[in-house]
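Fold and geometry: a report
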Amino acid sequence: MWRFLGTRIAMGAFTIWITTILVTLLIHAVPGDPVQIMYAQSQGTTPEQIEEVRRSLGLDRPIPVQYVMYMERLLQGDLGATIRGGQPVLEVILQRLPNTLLLAIAAMFIAIVIGVPIGFLAAYREGTLTDIALMIVAIAGISMPHFWLGLMLLFIFALELGWLPVSGNGWLNLVLPALTLGLSNAAIFARLTRSSMIDVMSQDYVQTAFAKGLPKALVLRRHVLRAGLLPVVTMMGLQFAFMMGGAIVVENIFSWNGVGRMAVEAIFQRDYPIIQGFILTFSVVVVCVAIGIDALYAVLDPRIRRS
Amino acid sequence: MSALTHQDGPRAAPGFLRRLLSSPSGAIGLAIVLLLIFCALFAEMLAPYNPSKMGAGGRFLPPGGKHLLGTDEFGRDMFSRILFGSRITLLIGAVAVGISLTIGMAVGMIAAFRRGWVEAILMRSTDVLFSFTETLIALSFVAVLGPSLQNAVIAVGVAGIPFYARTCYAAALVETSKPYFEASISAGAGPARLVLVHLLPNVLPTMIVVATLGVSTAILAAAGLSFLGLGAQPPTSEWGYMLAGSRDYINRAPWLMTIPGIAIAVTVLGFNLLGDGLRTSLDPVERK
């Protein structure tokens, strides 16, 4: 089990290391002069000032030197300063990251609480009208763009019925964004749970358990549910990454003050230090969550736990 | 999945179509996709108005009457804009999936065929890119290239490569370990023959299913970017962009929001259903 986790942690560290390289190269991939582009929107910047910025960002040095400089600063927790306002990027990100994580976790909770029981029910009633109806709902859910679902929920619950606030950052404000992100992912969980449960139910040991006359509820709980939920747990890591990505759009609909909204603003303003910091933070979060899920999986699956 | 073998080649085609049409999801999906292609091809003839002509009959006209789906904030006919939008949407899906599919398949097949260090480098870098997630790759690309529809499509296409490469690699690996493959190596088949005659046709069924489902993912992703303002720019009648514009008139003209959303959802649903149908009719295991 420790070997399994060790490999995962090493892979994760490698991914983050590659990200730091890509993030350094990113600014050089910009067509044209990045410093000119960054300052194109602010009037009255003199060529001297532009040279000054170029030096302070280290852009006048060879790329490998720049990378070493970037890493030195990074290891001291310095992600640079924003172009507009000159705030420390790390501070700007850490202010908003909890909001994004909160949104993603709430959405994950909604997705699992709705998706897994639906999938289980569909598998249990496989081939019946219930199953078909549930799966039609699921595929419709997967096909619905979450930004549209968000707009519709906003229209119905905030504007027409006035039950919930349109935007802001309180607890009530979390309901609609989390629902938007959670519902579209619930459909994915429902489909996955269904196919996994059906797979487990056709296994010999489950058939044996039924055949020897164990009560249906007992077989389902003890044999089917435990084994059938393993792929769902694996899927959670990947889904969390999807949700972090989906949060970018959803945060913009509901003006939720998270890192996704910050990133989109930064792209419009060409604030590259923020974009670099965002990409790095995003991959660190996704990698850490993936390792956490792998650890959970290792504990749950006896085949790995005892290896 | 890749157990579709040689005997099942082109001669099985009519049977395949019958199987596809006999599954409800395949038939509905195919109908939706064909309808979309029809709209995209004949948008000029089907559209009652010029989609970018402003003030054709007043602003914010509700659906019904002379304007089937109403008019927008500039008095443009929504029905005509949606029709022309189908052309853009299908093109986005085709180009983005084309990028992911060609590069992804090349990487996957080369990795499975060459093995050794080539395989190690290709597949480990694919793993790293895969863990970045498609959204982050697409967003980084747009951040570097700047917001435009063309860049959004490239970004979505590139972002899909790791997934296609992985799937193709897995399918190709199964083929290379089969007796017939080893037999043709012993018989002296060259790399070109092995890849083009043996590997390619056998990974193709899997990849067709993946690509069909991938069109929906690509359309959703590109519409999402346009919705954020990072993709299509005005006055394009791209559906995601139209949705973004509707936010300002959400109370006054809710149809501006509902119609493009339904258009995207139906399109994505069509490709999802078709993909599901293709999977069951191409996969001999599920076919039973």
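No experiment lies behind these values; they were computed from the predicted model shown.

**With respect to the overall build of chain A**
Per the secondary structure count, chain A includes 13 helices and zero strands. Moving toward the C terminus, one meets the helices and strands of chain A in the order α-α-α-α-α-α-α-α-α-α-α-α-α. Projected onto its principal axes, the C-alpha coordinates of chain A cover approximately 85 × 55 × 30 Å. The buried share of chain A, reckoned over its 307 residues, is 38%. When contacts within chain A are restricted to residue pairs at least 6 apart in sequence, those whose partners lie at least 24 apart make up 73%.

**What to know about the overall build of chain B**
Along chain B, the regular secondary structure elements total 12 helices and zero strands. Along chain B, from the amino end to the carboxyl end, the secondary structure elements read α-α-α-α-α-α-α-α-α-α-α-α. If one aligns the C-alpha atoms of chain B with their principal axes, the spans along those axes are about 75 × 45 × 25 Å. For chain B, buried positions account for 49% of its 288 residues.

**Thoughts on the interface of chain A and chain B**
The interface of chain A with chain B comprises 33 residues on the first partner and 31 residues on the second. It is helix α12 (residues 272–300) of chain A that provides the largest number of residues to the side of chain A that touches chain B, a total of seven residues.

**Topic: the confidence of the model for chain B**
A low pLDDT means the predicted coordinates there should not be read in detail. Residue and element names in this part refer to chain B. Overall, the prediction assigns chain B a mean pLDDT of 85, with 92% of residues at 70 or greater. Confidence drops under a pLDDT of 50 for residues 1–11, and excluding neighbours within four residues, the segment shows 15 contacts in the predicted structure. Quick note on the complex model: pTM equals 0.86, ipTM equals 0.84.

**Examining helix α2 (residues 24–41) of chain B**
All names here are of chain B. Helix length check: α2, at 18 residues, gives a terminal C-alpha distance of 26 Å against a target of 26 Å (1.5 Å per residue), a fit within 8%. Residues S25, G26, G29, L36 and C39 constitute the buried set of α2. Down the axis of α2, the sector holding all buried residues measures 165°, keeping them to one side. Exposed positions of α2 whose direction lies more than 90 degrees from the buried face are L34 and F38.

**As for helix α7 (residues 149–176) of chain B**
With 28 residues, α7 of chain B should reach 40 Å at 1.5 Å per residue; the first-to-last C-alpha distance of 40 Å fits that figure. The largest bend along α7 of chain B reaches roughly 35° and is located at I161 of chain B, with the proline P162 of chain B sitting one to four residues downstream.

**Section: the packing of helix α5 (residues 89–124) of chain A against helix α6 (residues 129–143) of chain A**
Residue and element names in this part refer to chain A. One can describe the packing of α5 onto α6 by two numbers: an axis separation of 8 Å at closest approach and a directional angle of 145°. Of the two elements, α5 crosses α6, and the hand of that crossing is left-handed. Here I118, L121 and A122 of α5 lie close against α6, whose contacting residues are T130, D131, L134 and M135. Split into classes, the residues belonging to the contact of α5 with α6 amount to five nonpolar, one polar and one charged.

**A short note on the environment of Q76 of chain A**
Residue and element names in this part refer to chain A. Considering the arrangement of structural elements, one finds Q76 in the loop between α4 (63–75) and α5. The class of Q76 is exposed, set by 8 C-beta atoms lying within 10 Å. Sequence separation between Q76 and P302 is 226 residues; the distance between their C-alpha atoms is 40 Å.

**Looking at unusual backbone geometry**
The linkage connecting P234 of chain B with the following residue, P235 of chain B, adopts the cis geometry, with an omega of 5°. With phi around 45°, S255 of chain A is a residue other than glycine that occupies positive phi space. Note that S255 of chain A resides in the loop between α10 (216–253) and α11 (259–269). Positive phi, close to 55°, is recorded for R270 of chain A, a residue that is not glycine. Of note, R270 of chain A is situated in the loop between α11 and α12.

**A short note on the environment of C288 of chain A**
The topology assignment puts C288 of chain A in helix α12. Distance in space between the C-alpha atoms of C288 of chain A and G237 of chain A is 9.5 Å, their sequence separation being 51 residues.

**Structural notes on the nonpolar core**
Within the largest apolar cluster, 152 residues are counted, with the highest numbers of intra-cluster contacts made by A263 and F278 of chain A together with A138, V142, V156, C168 and A222 of chain B. Counting residues per element, this core draws most heavily on helix α4 (residues 78–114) of chain B, which supplies 17 residues. Other than its neighbours up to four places away in sequence, V156 of chain B contacts A96, A138, A218, A221 and A222 of chain B.

**Some points on the environment of V166 of chain A**
Residue and element names in this part refer to chain A. Structurally, the position occupied by V166 is in the loop between α7 (146–160) and α8 (171–201). By C-beta crowding, V166 is classed as partly exposed, having 15 other C-beta atoms within 10 Å. In sequence terms V166 and E72 are 94 residues apart; their C-alpha atoms lie 43 Å from each other. Setting aside residues no more than four positions away along its own chain, V166 makes contact with L154 and A158.

**Describing the confidence of the model for chain A**
Averaged over all residues, the pLDDT of chain A is 85; the fraction at 70 or higher stands at 97%. Of all the helices and strands in chain A, helix α2 (residues 34–39) of chain A carries the lowest mean pLDDT, 73, while α5 of chain A carries the highest, 92.

**Brief notes about the packing of α4 of chain B against helix α9 (residues 191–227) of chain B**
Residue and element names in this part refer to chain B. At a minimum axis separation of 8 Å, α4 and α9 run at an interaxial angle of 140°. α9 is crossed by α4, and the crossing has right-handed handedness. Between α4 and α9, the residues in contact are T89, I92, G93, A96, V97, S100, L101, M105, M109 and F113 and L194, V195, L199, V203, M207, A211, G214, V215, A218, I219 and A222, respectively. Of the residues assigned to the contact of α4 with α9, the class counts are 17 nonpolar, four polar and no charged.

What counts, and where the lines are drawn
- Residues numbered from 1 in each chain as written.
- Chains lettered and ligands numbered in written order.
- Predicted model: local features only at pLDDT ≥ 70, side-chain atom pairs only at ≥ 80, totals over all residues.
- Helix = DSSP H or I, 4+ residues; strand = E, 2+ residues; numbered from the N terminus.
- Buried ≥ 20, exposed ≤ 12 C-beta atoms within 10 Å, placed from the backbone.
- Contact = placed C-beta atoms within 7 Å.
- pLDDT = per-residue confidence, 0-100.
- Expected span 1.5 Å × (residues − 1).
- Arc of directions from axis to C-beta.
- Bend = angle between axes of the 7 residues up to and from the residue.
- Axes fitted to C-alpha atoms, helices over the stretch in contact; angles between N-to-C directions.
- Left-handed = near helix turned anticlockwise from the far one by under 90°.
- Nonpolar A, V, L, I, M, F, W, Y, C, P; charged D, E, K, R; others polar.
- Core = buried A, V, L, I, M, F, W, Y, C linked by C-beta atoms within 7 Å.

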